[in-house]
Amino acid sequence: MARVLLLPGDGIGPEVTEEARQVLVRVAPDLELQEGRIGGCAIDADGTPLSEASLAKARACGLVLLGAVGGPKWDGLAPEQRPEKGLLRIRKELGLFANLRPARVLDALADASPLRREAVAGVDLIVVRELTGGIYYGEPRGRSDEDGARRALNTMVYDEDEVARIARVAFEIAKGRRKRVTNIHKANVLEVCQLWNEVVEEVARDYPEVELEHQLVDSAAMLLLRDAARFDVLLCPNLFGDILSDEAAMLTGSLGMLASASLGAPGRGLFEPVHGSAPDIAGQDKANPLGAILSVAMLLEHGLARSREAERVRQAVEQVLDQGYRTPDLVRGPQGLGVGTREMGKRVREALG
Ligand code: IPM
Ligand code: MG
C-alpha cells in the first residue's frame, strides 16, 4: 500500500494541509497516511527543523505532502537553524532535483489578477526549477568577517550532469505540452550560466520536436508581465526559478492558487503549495486551501500515476471557482461568495461528489 507523509509545518500550513488531507482521503481512501514535523514547529518540539526521525519517515513513505514552513518567531535564527533549512534539507536528502510549478490562469479568476485580464488571458505555463543545486547549496558559503569588516559569500555552481538531468525533465514535459522550452539564464554575466546554456543546447538535440529559446532572467521577468501567454515551459536554475515562479503565480490571481511537485527518483516526491506560511493570517480561517488541494492533484498524478483522480480534483477546484466561491486573497473587483479555508475545502469535497 502506498504511504504518504503529511508535514503540515507552520503558519497556515496546518490549516491548508488539513483541507488537502480530506480531499486526498476522499479520492484515494486506500492510502496510508502518516504525520510528521518540519520547520519552526519542529525546532520547538525537536530542537531542529527536520529531525532524523522525520527524515526517516519521509524516506520510508517516499511521498510527502507539505504545508509551509517559517514565521516571525524563528526569524532571528542563523540560516543553518532556521525553519527553511528543514525544507532545503528534505529536498536534498530525498534527491528531489526537479521542481514543477504550473501556473494557469483560470477564466473564473482572470479578474483576480493584479494585471489586466487581457495581459493574463490564456496564460498556461510551467516553471521547471532545478531544486537541489545552484546558489542554494553551493560551497564555499558563509560569513568571513576580516579585520572588523563584515563580509559574506555564496557560490552559484552547477555540474554538467545536474544541468542535463533537469533540462531533460523540461524537454520531456514540453513534449506533452506546446513543445516550447524557454531557458532562463544570465550568461551575459555569469560563467555558470554559460555552461548551463551549453548543456541545455546539447540536451535539446535529443528533442528536435521541441523548440528551444533562451531568455535572460531580467528580460523574462519583464515578459511575464507583458506577454506571459507566450511561455510554455520555463527551465530555470534554482534561484531564478524561485523568483520567477512567485511572479508567475501572481498572474493567476493569487499565490494561494499555486501547487508544486518536487520530484527525483520514481516513487519519490514532495508536494506543496507555493505560498509560504503567511503568519499574519494563520489560524484565522482566511487562507486559501486551493494551492494545497491542487498539490494533492499533483501527488496523485506524479507520485501515484493516478491521472484520472488528479483530473477529478482539478475539475472540482474549477467548479467551486466557477460557482463564485472566493477566499479573501482571490477577491479583487466584483465580490464573489466570500468563504474561509474550511468552507472552501468543504465545497471542493462536495464538488467531488
Ligand atoms: C520556495 C520557497 C523556499 C525556497 C524557501 C522557503 C526556502 O521560497 O519554495 O519557493 O526559496 O525555495
Ligand atoms: Mg519561493
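This text follows the structure it describes.
Nothing here was measured: the structure is a model prediction, and the numbers come from that model.

Further remarks concern the sheet that holds strand β4 (residues 98-104). Overall, mixed pairing links the 10 strands, which are arranged β2-β1-β3-β12-β11-β4-β5-β10-β8-β9 in an open sheet. Strands with a single pairing partner mark the edges of an open sheet, and in this sheet they are β2 (32-35) and β9 (211-216). Each adjacent strand pair in this sheet contributes to an overall mean axis angle of 20 degrees, direction not counted. Pairing geometry for strand β11 (residues 259-263) and strand β12 (residues 269-273), over five bridges, is antiparallel. Counted as the bridge partner of serine 260 is glutamate 272 from β12. Sheet strands touched by helix α1 (residues 13-27): β1 (3-9), β2 and β3 (63-68). Its angle to β1, the strand with the most contacts, is close to 155 degrees.

Before going further, it helps to examine the site of ligand 1. Taken together, Glu84, Leu87, Arg91, Arg101, Arg129, Tyr136 and Asp242 make up the full set of residues adjacent to ligand 1. The separation between an oxygen atom of ligand 1 and a polar side-chain atom of aspartate 242 is 2.8 Å. Its free accessible area being 320 Å², ligand 1 has 76% of it covered by the protein chains. When each cavity is represented as a set of grid points, ligand 1 is found to reside in the largest pocket. The dominant element in the shell around ligand 1, judged by the number of residues it contributes, is helix α4 (residues 83-93), at three residues. Of the residues in the shell around ligand 1, the class split is two nonpolar, no polar and five charged.

What counts and how
Residues numbered from 1 in each chain as written. Chains lettered and ligands numbered in written order. Predicted model: local features only at pLDDT ≥ 70, side-chain atom pairs only at ≥ 80, totals over all residues. Heavy atoms only, no water. Pairing = 2+ DSSP bridges. Helix = DSSP H or I, 4+ residues; strand = E, 2+ residues; numbered from the N terminus. Axes fitted to C-alpha atoms, helices over the stretch in contact; angles between N-to-C directions. Contact = heavy atoms within 4.5 Å. Near = heavy atom within 4 Å. Polar contact = N/O pair within 3.5 Å; in protein donor to acceptor, adjacent residues only side chain to side chain. Areas by Shrake-Rupley, 256 points an atom, 1.4 Å probe, with all protein chains shown as cover. 1 Å grid on protein atoms, 1.4 Å probe; cavity = no way out; pocket = protein on both sides within 12 Å on 5 of 7 lines; lining within 4 Å. Sits in = over half its atoms within 2 Å of the grid points. Nonpolar A, V, L, I, M, F, W, Y, C, P; charged D, E, K, R; others polar.

Any functional reading would require information that these geometric values do not contain.
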